[in-house]
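Residue-level structure breakdown
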Amino acid sequence: MDSSNQAIKQIPMLIGGEWREGAAMDPVNDPYRNEIVSYQPRSTRADLDAALNAAVAAKSVIAAMPGFERAALLRRVSALLLERADMIAEVMSRETGKAIKDARGEVVRSQDTINLSAEEAIRIEGEHIPLDGSAMGAGKIALMLRFPVGVIAGITPFNAPFNLAAHKVAPAIASGNAVILKGPPQAPGVVHELTRLFVDAGTPPGVLNTLYGPDVGPELVRDPRVDFVTFTGSTRVGAEIKAVTGLRRVALELGGAGQTIVHDDADIGEAATTCARNSMRLAGQSCISVQTVYVHRAVYDAFVEKLVAEVRTLKLGDPADPQTDVGTLIDERTAQRIESWVREAEAGGARILTGGKRKGAQLEPTVLVDVTPSMKVVCDEVFGPVVSVLPYDDFGAACATVSDSRFGLQCGVFTKSIHLAVQAVRSIRTGGVIINGSSTWRTDQLAYGGVKDSGIGREGPRYAIRDMTEERLMLLNL
C-alpha cells in the first residue's frame, strides 16, 4: 500500500513507525453526497497492545530528544502542512460535510498550533523554591523540575478533526511524550493526513501511533500503560473517561451551550451580525457555537430583525462550493435529531423566524424566539445551526441565568460599560468571558477549556504542556 497517495481508499494505522492494515474495514461516508469516500480500519485489542508497547518503548527516546530538536521536528511538520493544506481541506470537506472555505481555514490555522508548540518545546521551565524562610530549610537548595509524563492517549472529535488533533499531538511531542491518537470515525482520512505529516517530518518510530474504529477507545483509556488522557467530545463520554482513569490525570474539553448576552448599550448591528455568523458557522457544530442569546428587552426587536436578516444571507449548499457558508451536519441521523428538537420547541410555543427545514444531512440555518429555559434547544447542547433568542430586563439576572447553566465553557457579553463587563466576569462561572464578542472565539495560544459539565483542564500549547508534564522536587543538602 502506498500511504503517500492522497486518493487512498484504505486508511492504515501507524504503529511503531509502520503502516498497518486493519483486519476489518468500515466505510466512511460523504454526508452531502451520501457516498463512500474511504475505508478505515477497525482497530483490535491486538492493535491496541502493539501501539501501547510501541509508545512505551519510544517514550524514553522522545524524552531524551533535546527541546531544540523537538522544536525543529514540529517546524518541519508545519512547513509540510502548508504544502498540503488544500488537499487536506478537500479530504475534510468530503468526510465531514464542512464548507471547503472553513475546512481550509482550519488546516492553515493549525500552523499556529504546531508552531506555538515548537516554541514552547524550548520554554519548559521549573522553578527555584527559596528555603531560607525556615530553620529546617536554611542553607538548602530546592528546585522543581518538569518531566514528560510518558504515554499520552489523545481522543479527538469530528467537528475540527485536524486542528483538535494537532492540539493533542503537537504539545505532547513538544513536551517529550509518546502519543496514541484515536481519531473520530467520521474523519479518519484527516487524522491519517496529519499522521503522514509527522512521519514525513522524521518523527521517531513509536512516538506517534494511530488507532481507529469504535472498539478500542474504552480499552485505551483504561489501560495502565497510558499516563495521561486528553479528550475532546461529549460530556457523556468525558464523564465515562473520568470514571475509569482512576488517579491518572485527564484533560477533558467537553460541551457547551454557547450563551451570549447583548445589553442595551451594545452596537446592535455588530452583535447581531456576529451572533448570526457564529451560530451557523460549521453548521453550528462547535462546542462554543452561539446557541442562546439573551438580549435586553429595550433592543430585543431590533436585534432579532438584524439577526434574522443576516442569517438569511448565509448560503446553504454543496460543501465543495467555495461560496457555501453552511455545509451539512455530520450525518443525516444528527440532522434528524436536531430537527426533532426544533419541532419539539415549536410544539411548546416557540416560533421559527427563518429556517427549520431539513434535506438529508442539511438543516437550514434556524432562528427561534418565544422559547423557554426548559426546552432542549436552550438547556442542552444543540450542536447544529440553531439559535434561540430570549429577552431580559436585568443584566445581573441574565448573568445569573448563564452562570446557572450546567455548562461553563465560554460566553459572550456585548456592552460598552466596563463596569458591566467586569460584573459579568466576576459573576459568571465559566471558562472564558468574551467581551464585545460572542461565545465563539478561540485563538490557539490561549488557555481554552471549561468548568462544570464543560470539562477539566485547558488546551493551548503552553497550558497543555503544563498538564502533559509532571513536577519533580530536587533538594540539595549542602
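What comes next is a walk through the structure. (Residues numbered from 1 in each chain as written. Predicted model: local features only at pLDDT ≥ 70, side-chain atom pairs only at ≥ 80, totals over all residues. Heavy atoms only, no water.)

1. Examining the overall build of the protein
Quick note on the threshold: Secondary structure elements are taken from DSSP: a helix is a run of H or I of four residues or more, a strand is a run of E of two residues or more, and numbering for both begins at the N terminus. Each radius of gyration reported is based on C-alpha atoms, and the globular scaling rule is 2.2 Å times the count of residues to the power 0.38. In what follows, a contact means two residues having at least one pair of non-hydrogen atoms within 4.5 Å. A 1.4 Å probe and the Shrake-Rupley method give the accessible areas. Residues count as covered only by the protein chains that appear here. Only four residue types enter the charge count: Lys and Arg as positive, Asp and Glu as negative, with His and the chain ends excluded. A charged residue contributes its charge at one atom only: NZ of Lys, CZ of Arg, CG of Asp or CD of Glu.
Regarding its fold elements, the protein presents 14 helices and 24 strands. In summary, the protein has a C-alpha radius of gyration of 23 Å against a globular reference of 23 Å for 478 residues, a match within 12%. The long-range share in the protein, meaning contacts at least 24 apart out of those at least 6 apart in sequence, stands at 72%. If you sum the accessible surface of the protein, you get close to 19200 Å²; carbon and sulfur atoms cover 52% of it. One finds the centroid of the 51 positive side-chain charges in the protein at a distance of 2 Å from the centroid of its 57 negative side-chain charges.

2. Focus: the sheet that holds strand 5 (residues 127-129)
Here is the rule we go by: Here, a strand pair is defined by DSSP locating no fewer than two bridges between the strands. For every element, the axis is a line fit to its C-alpha atoms; helices are fit only across the contacting stretch, and the angle between N-to-C directions ranges from 0 to 180 degrees.
Here 3 strands make up an open sheet; going across it, the order is 5-6-24 and the pairing antiparallel. Of all strands in the sheet, those with a lone pairing partner are strand 5 and strand 24 (469-476), marking the two edges. For this sheet, the mean angle separating the axes of adjacent strands, direction not counted, is 30°. Judged from the 3 bridges that link them, strand 5 and strand 6 (residues 141-148) form a sheet pairing that is antiparallel. Directly across from histidine 128, in strand 6, lies its bridge partner leucine 143. This element, helix 14 (residues 461-468), spans strand 6 and strand 24 of the sheet and lies at about 60° to strand 24.

3. Digging into the side chain of aspartate 47
Spelled out, the test is: Categorising residues by exposure relies on relative accessible area from a 1.4 Å probe, with only protein chains included: less than 20% of the type maximum marks a residue as buried, more than 50% marks it as exposed, and the intermediate range marks it as partly exposed.
Mapped onto the elements of the fold, aspartate 47 is located in helix 1 (residues 45-64). The exposure class assigned to aspartate 47 is buried, which follows from its relative accessible area of 8%. Setting aside chain neighbours within four positions, we find aspartate 47 in contact with Met13, Ile15, Arg20, Arg42 and Leu211.

4. Thoughts on the packing of helix 2 (residues 67-96) against helix 3 (residues 100-120)
In plain terms, the rule: Our angle categories are set so that under 35 degrees counts as roughly parallel, over 145 as roughly antiparallel, 65 to 115 as roughly perpendicular, and the remainder as oblique. Residues are grouped as follows: nonpolar covers Ala, Val, Leu, Ile, Met, Phe, Trp, Tyr, Cys and Pro; charged covers Asp, Glu, Lys and Arg; every other residue, Gly included, is treated as polar.
Contact geometry of helix 2 with helix 3 gives a least axis separation of 8 Å together with a crossing angle of 170°. Of the possible angle classes, the one that applies to helix 2 and helix 3 is roughly antiparallel. Each residue belonging to the contact of helix 2 with helix 3 can be placed in one class, and the counts come to 16 nonpolar, 6 polar and 5 charged.

5. Things to note about the sheet that holds strand 17 (residues 366-369)
Across the sheet, which stays open at both edges, the 7 strands sit in the order 14-17-18-13-12-20-21 with mixed pairing between neighbours. The open sheet is flanked by strand 14 (351-354) and strand 21 (432-435), the only strands paired with a single partner. Shown here is a sheet whose adjacent strand axes are inclined to one another by a mean of 25°, direction ignored. Where strand 12 (residues 259-262) and strand 20 (residues 410-414) come together, 3 bridges link them in parallel fashion. The partner of isoleucine 261 across the bridge, within strand 20, is valine 413. Contacts between helix 9 (residues 300-311) and the sheet are confined to strand 12, strand 13 (292-296), strand 14, strand 17 and strand 18 (386-392), with strand 18 contributing the most and set at about 170° to the helix.

6. Description of the packing of aromatic side chains
Basically, it comes down to this: Whether two aromatic rings pair depends on their centres lying within 6.5 Å, for rings of Phe, Tyr and Trp, where Trp uses its six-membered ring; planes under 30 degrees apart make the pair stacked, over 60 edge-to-face, and the rest tilted. When the NZ atom of lysine or the CZ atom of arginine is within 6 Å of a ring's centre and also within 35 degrees of its normal, the charge is said to sit over that ring.
According to the stated counting rule, one finds 1 aromatic pair in the structure shown. Consider the rings of phenylalanine 158 and phenylalanine 383, whose centres lie 6.1 Å apart with planes at 85°: the pair is edge-to-face. Taken together, the residues span a long stretch of sequence, with phenylalanine 158 in the loop between strand 7 (151-155) and helix 4 (163-174) and phenylalanine 383 in the loop between helix 11 (376-379) and strand 18 at a distance of 225 residues. For phenylalanine 158, a relative accessible area of 15% translates into the label buried. Given the relative accessible area of 17%, phenylalanine 383 is considered buried. Looking at arginine 337, its charged tip hangs above the ring of tryptophan 341, at a distance of 4.6 Å from the centre. Arginine 472 extends its terminal NZ or CZ atom over the ring of phenylalanine 147, reaching a point 3.9 Å from the ring centre.

7. Structural notes on unusual backbone geometry
For alanine 283, which is not glycine, the phi torsion reads 55° and is therefore positive. Take alanine 283: it is sitting in the loop between helix 8 (268-280) and strand 13. Under the relative-accessibility criterion, alanine 283 is labelled buried at 1%. If you check the backbone angles, aspartate 370 has positive phi at about 60° while not being a glycine. As for its placement among the helices and strands, aspartate 370 is situated in the loop between strand 17 and helix 11. Since its relative accessible area comes to 39%, aspartate 370 is described here as partly exposed.

8. Notes on the environment of serine 454
What counts is decided by this rule: Under the rule applied, a polar contact is a pair of N or O atoms within 3.5 Å (in protein, one hydrogen donor and one hydrogen acceptor; residues adjacent in sequence only if both atoms are side-chain atoms).
Tracing the sequence through the fold places serine 454 in the loop between strand 22 (451-452) and strand 23 (455-456). Assessed through its relative accessible area of 0%, serine 454 is described here as buried. Considering only alpha carbons, one finds serine 454 and glycine 217, 237 residues apart in sequence, at a separation of 20 Å. Within polar-contact distance, the side chain of serine 454 engages the backbone nitrogen of leucine 409 at 3.3 Å.

9. Topic: the side chain of glutamine 40
For glutamine 40, the location among the structural elements is in strand 4 (residues 35-41). Under the relative-accessibility criterion, glutamine 40 is labelled buried at 3%. A distance of 2.8 Å separates a polar atom in the side chain of glutamine 40 from the backbone oxygen of proline 185. In contact with glutamine 40, other than residues within four places in its own chain, are Ile11, Ala24, Met25, Asp26, Val28, Pro185, Pro188, Tyr212 and Gly213.

10. Some thoughts on the nonpolar core
Cut-off, in case you're wondering: Put simply, buried Ala, Val, Leu, Ile, Met, Phe, Trp, Tyr and Cys residues joined by side-chain atoms within 4.5 Å make one nonpolar core.
Residues Val107, Phe162, Ile173, Ile180, Leu197, Phe198 and Leu211 are the most contacted members of the largest nonpolar core, which totals 72 residues. Of all the elements, helix 2 adds the most residues to this core, at 12 residues. Dropping the residues within four chain positions of it, isoleucine 173 is found in contact with Ile62, Arg70, Leu73, Val179, Phe198, Thr203 and Val207.

11. Some words on helix 10 (residues 332-347)
Counting along an α-helix, one turn takes 3.6 residues, and residues three or four places apart therefore face a common direction. The following threshold applies: Multiplying one less than the number of residues by 1.5 Å gives the expected span of a helix. Throughout, the arc means that of the directions going from the helix axis to the C-beta atoms.
The end-to-end C-alpha distance of helix 10, which contains 16 residues, comes to 22 Å, matching closely the 22 Å that a straight helix rising 1.5 Å per residue would cover. Burial in helix 10 covers these residues: Thr334, Ala335, Ile338, Glu339, Trp341, Val342 and Ala345. With its buried residues spanning 155° around the axis, helix 10 presents them on a single face. Within helix 10, the exposed residues directed more than 90 degrees away from the buried face are Arg333 and Ala347. Looking at the buried side of helix 10, the elements it contacts are strand 14, strand 15 (358-359), strand 16 (362-363), strand 17, helix 11 and strand 18. Immediately beyond the C-terminal end of helix 10, within one or two residues, lies glycine 349, with a positive phi of roughly 115°.

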